[in-house]
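Coordinate inspection notes
Chain residues, written in single-letter form:
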Amino acid sequence: MNEMNVGDTMQGQWQDMTGDGEVIVVEIDRRGTGYEGQIYLYPPNLGIAAVAYFSSDTEGPIVRQKVGLTFHQYGRAAVIPIEELKRHHPDRRWPQAIELSLKEENGTLTVEAFAQLHDGPETTESVILPASQSTDASELSADAEIVTWDSFKKLVGGLEVDRYIFRGQPVQKRLRSSFHRTNRKSLLTYINFDIPRLHRAISTSTSTYFDLTDDNHYAAFMNLLQHHGYPTPLLDWTHSPYVASYFAFRHARQTSASEDRVRIFMFDARRWRKDFPQYNSLVYTPPHFSLLEPLALENPRSAPQQSLSAIVTVDDVEAYLQKLGKQTSHDYLRVFDLPYSERNSVLKELRFMGITAASLFPGFDGMCEAMRIQHFEG
């Protein structure tokens, strides 16, 4: 078997939609001198994922590589037998193997799939996928009217209760999960290998045994990892605009200019849940952004932070939310950039509200951070 050429530019997540509405996603990780990855095909309106796995030990020219295909119901690891697919969808072709070619050039990935069935000629499908823009500067436009702490407080004071969620960031970076900020992109490898190994290691340190076959336990385990710094495909959000503000203003800067800003996101969670399906799975589902409120097992930070999480299977969350917003003509996400120069007064006001590191991070570390801010940064 010849090998595919996978330079560093091939690594990443590539996705788009074909002309007939089929969603295609390719995830490629570097492995030594070669690579491994998956290609996912999601035919429209079937609730089925077709998955092909490919790998190579060396770099080389791009050629047709024979790979097997498996078919799955959304979010389920169990393989659907071909006979069952033919019975329920006799008008479609269900190849069990394809020959796959991949080629990266000028920031695009060309994917070609060649399929041969016994009852017909070879078919060829080709699609060009754009590169993710997730490492570029954010293109979100901050609200032009909400530009001070006082104007932000006035806005949130008039909001509909329980409709919106919030996230604070000290910088105006693109929205990405901590997992997607690493050099890894294969979520299938992540859940099949990384999480079971970490689960075995952590189980000796927790009083709760997390049963990863239970969806509630799995979500709670992932949320615990997220709150302790392990890369996850989750984004932290909070029901409180003031908690989000603390996370935006939390860290002091060694130097700052008068134009420096922190960023607070406001997301229309109620409308999003109404407009789009919510999945609790990381694989075998189309690209999605799903809101999750996991149990706070072994996680005393969850309740004081009024936290919830978004499961994100897309590398470039910002572009994904903007794309779907255009489809529905609704702005789900609003952005407020507030001046960093207001940090001391904001943190003082939040302290009067009971929002400090000591309250948000129960324990020794949180108390020390709260006292450091009061004694040295006030």
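Throughout what follows, the structure given in this document is the object of discussion. All values derive from a computational prediction rather than experimental measurement.

Observations regarding the sheet that holds strand 2 (residues 23-31)
Read from one edge of the open sheet, eight strands run 1-2-3-4-5-6-7-8, paired in antiparallel fashion. Both edges of this open sheet fall to strand 1 (12-17) and strand 8 (123-130), since each of them pairs with a single strand only. Put simply, the sheet's adjacent strands are angled 25 degrees from each other on average, direction ignored. In this structure, strand 5 (residues 65-73) lies alongside strand 6 (residues 97-105), joined through four bridges in antiparallel fashion. Across the sheet, the residue bridging to G68 is A97, located in strand 6. Sheet contacts for helix 3 (residues 187-202): strand 2, strand 3 (34-42) and strand 4 (48-56); angle to strand 3, the most-contacted strand, approximately 110 degrees.

Notes on the packing of helix 3 against helix 4 (residues 215-227)
Where helix 3 meets helix 4, the closest approach of the two axes is 12 Å, and the angle between their N-to-C directions is 80 degrees. Judged by the angle between their axes, helix 3 and helix 4 are roughly perpendicular. Along its contact with helix 3, which presents Y190, I191, I195, L198, H199 and I202, the element helix 4 presents Y218, F221, M222 and L225.

What about the environment of R343?
As for its placement among the helices and strands, R343 is situated in helix 8 (residues 343-352). The residues contacting R343, other than those within four sequence positions of it, are F249, R250, H251, A252, I373 and E377.

Considering the packing of aromatic side chains
All chains considered together, the criterion is met by 23 aromatic pairs. On the basis of an interplanar angle of 55 degrees and a centroid distance of 5.4 Å, the ring pair of F210 and F221 is categorised as tilted. Of this pair, F210 sits in the loop between helix 3 and helix 4 while F221 is found in helix 4, placing the two residues 11 residues apart along the sequence. Each member of the pair, F210 as well as F221, carries the same accessibility label: buried. Site record: aromatic cluster; members linked through ring pairs are W237, F265, F267, W272, F276, F289 and Y332. The ring of W94 has R92 lying over it, and the distance from NZ or CZ to the ring centre is 5.8 Å. Geometry around Y340 places R253 over its ring, the cationic atom sitting 4.4 Å from the centre.

Some words on helix 10 (residues 364-376)
Along an α-helix, a turn takes 3.6 residues, which lines up residues three or four apart on a common side. With 13 residues, helix 10 should reach 18 Å at 1.5 Å per residue; the first-to-last C-alpha distance of 18 Å fits that figure. Looking only at helix 10, the buried set comprises G366, E369, A370 and I373. Considered in projection along helix 10, the buried side chains sweep an arc of 95 degrees and stay on one side of the axis. In helix 10, the exposed positions that point more than 90 degrees away from the buried face belong to F364, H375 and F376. Residues of helix 10 that are buried sit in contact with helix 5 (241-249), helix 8 and helix 9 (357-360).

Things to note about the nonpolar core
Counting 28 residues, the largest nonpolar core has V26, I39, F54, F71 and V111 as its most contacted members. Listed by contribution, the elements that provide at least two residues to this core are strand 2, strand 3, strand 4, strand 5, helix 1 (82-88), strand 6, strand 7 (108-115) and strand 8. Residues within four places of V111 in sequence aside, it is in contact with I24, V26, I39, L100, S101, L102, E125, S126, V127 and L129. Counting 27 residues, the second-largest nonpolar core is a separate cluster that includes V243, L347, L350 and A357.

Examining the pattern of salt bridges
Inspection of every chain in the model, using the stated rule, returns 21 salt bridges. Across the salt bridge formed by R174 and D316, the nearest N and O atoms sit 3.1 Å from each other. Taken together, the residues R174 in the loop between strand 9 (164-169) and helix 3 and D316 in the loop between strand 13 (307-312) and helix 7 (317-328) connect sequence positions 142 residues apart. Assigned by exposure class, R174 and D316 land together as buried. Taking the shortest distance from any N to any O, the salt bridge between E377 and R343 comes out at 2.7 Å. Placement of the pair is E377 in the segment after helix 10 and R343 in helix 8, with a sequence separation of 34 residues.

Quick look at the pairing of strand 2
Summarising burial for strand 2: seven of the nine residues are buried, a large majority. Sheet topology places strand 1 next to strand 2; six bridges connect them, and they run antiparallel. Bridge pairing in strand 2 places G12 opposite I28. Between the end of strand 1 and the start of strand 2, which pair antiparallel, lie five residues, with G21 showing a positive phi angle near 90 degrees. Once strand 2 ends, the chain turns through two residues before running back antiparallel as strand 3, passing G32 with a positive phi of about 65 degrees.

Basis of the calculations
- Residues numbered from 1 in each chain as written.
- Predicted model: local features only at pLDDT ≥ 70, side-chain atom pairs only at ≥ 80, totals over all residues.
- Heavy atoms only, no water.
- Pairing = 2+ DSSP bridges.
- Helix = DSSP H or I, 4+ residues; strand = E, 2+ residues; numbered from the N terminus.
- Axes fitted to C-alpha atoms, helices over the stretch in contact; angles between N-to-C directions.
- Contact = heavy atoms within 4.5 Å.
- Parallel < 35°, antiparallel > 145°, perpendicular 65-115°, else oblique.
- Phe/Tyr/Trp six-rings, centres within 6.5 Å; stacked < 30°, edge-to-face > 60°.
- Buried < 20%, exposed > 50% of the residue type's maximum accessible area, 1.4 Å probe, protein only.
- Lys NZ or Arg CZ within 6 Å of the ring centre and 35° of its normal.
- Expected span 1.5 Å × (residues − 1).
- Arc of directions from axis to C-beta.
- Core = buried A, V, L, I, M, F, W, Y, C linked by side-chain atoms within 4.5 Å.
- Salt bridge = Lys/Arg side-chain N within 4 Å of Asp/Glu carboxyl O.

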